[in-house]
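# Fold and geometry: a report
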Amino acid sequence: MKSKPVSLPKKIKSMKPNNMIGIPADKIQGALPILNKLSFPISREYQNGSLIITRTA
């Protein structure tokens with residue numbers, strides 16, 4: 001039923017400025033290496049165990 005979701009790494013790398021992506025708690029471990037290698041600044045904030053990343057510029 002659901003359309004195939006874009007993979008998280010691809011989604012993160014193609015973020016536009018001021019975009020927000022929520023990363024579910026079970027995906028955070030896998031997403032951290034990607035977040036650390038990004039070529040643009042992001043802010044991270046935790047909400048209810050999920051990581052919300054926002055591209056700041």
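Structure shown above.
First, a word on what this report is: a plain description of the structure on this page. Please read all numbers here as calculations on a predicted model, not as lab measurements. (Residues numbered from 1 in each chain as written. Predicted model: local features only at pLDDT ≥ 70, side-chain atom pairs only at ≥ 80, totals over all residues. Heavy atoms only, no water.)

One open sheet accounts for 3 strands, arranged β1-β3-β2; its pairing is antiparallel. With one partner strand each, in any of the chains shown, β1 (20-23) and β2 (42-47) form the two edges of the open sheet. Averaged over all neighbouring strand pairs, the angle between strand axes comes to 20 degrees, with direction disregarded. Sheet analysis places β1 next to strand β3 (residues 50-55), joined by 4 bridges and oriented antiparallel. By the bridge assignment for β3, Gly22 is matched with Ile52. (Pairing = 2+ DSSP bridges. Helix = DSSP H or I, 4+ residues; strand = E, 2+ residues; numbered from the N terminus. Axes fitted to C-alpha atoms, helices over the stretch in contact; angles between N-to-C directions.)

Taken as a whole and judged by the stated rule, the model has 1 salt bridge. Between Lys27 and Asp26 there is a salt bridge whose closest N-O contact spans 3.9 Å. Given the relative accessible area of 41%, Lys27 is considered partly exposed. Asp26 gets classed as exposed once you look at its relative accessible area, which sits at 62%. (Salt bridge = Lys/Arg side-chain N within 4 Å of Asp/Glu carboxyl O. Buried < 20%, exposed > 50% of the residue type's maximum accessible area, 1.4 Å probe, protein only.)

For the rest of this paragraph, the subject is unusual backbone geometry. Within the chain, Asn18 stands out as a residue other than glycine whose phi angle is a positive 70 degrees. Within the secondary structure, Asn18 sits in the loop between α1 (8-13) and β1. Owing to a relative accessible area of 61%, Asn18 belongs among the exposed residues under this scheme. The backbone of Asn48 shows a phi angle near 50 degrees, a positive value even though the residue is not glycine. Mapped onto the elements of the fold, Asn48 is located in the loop between β2 and β3.

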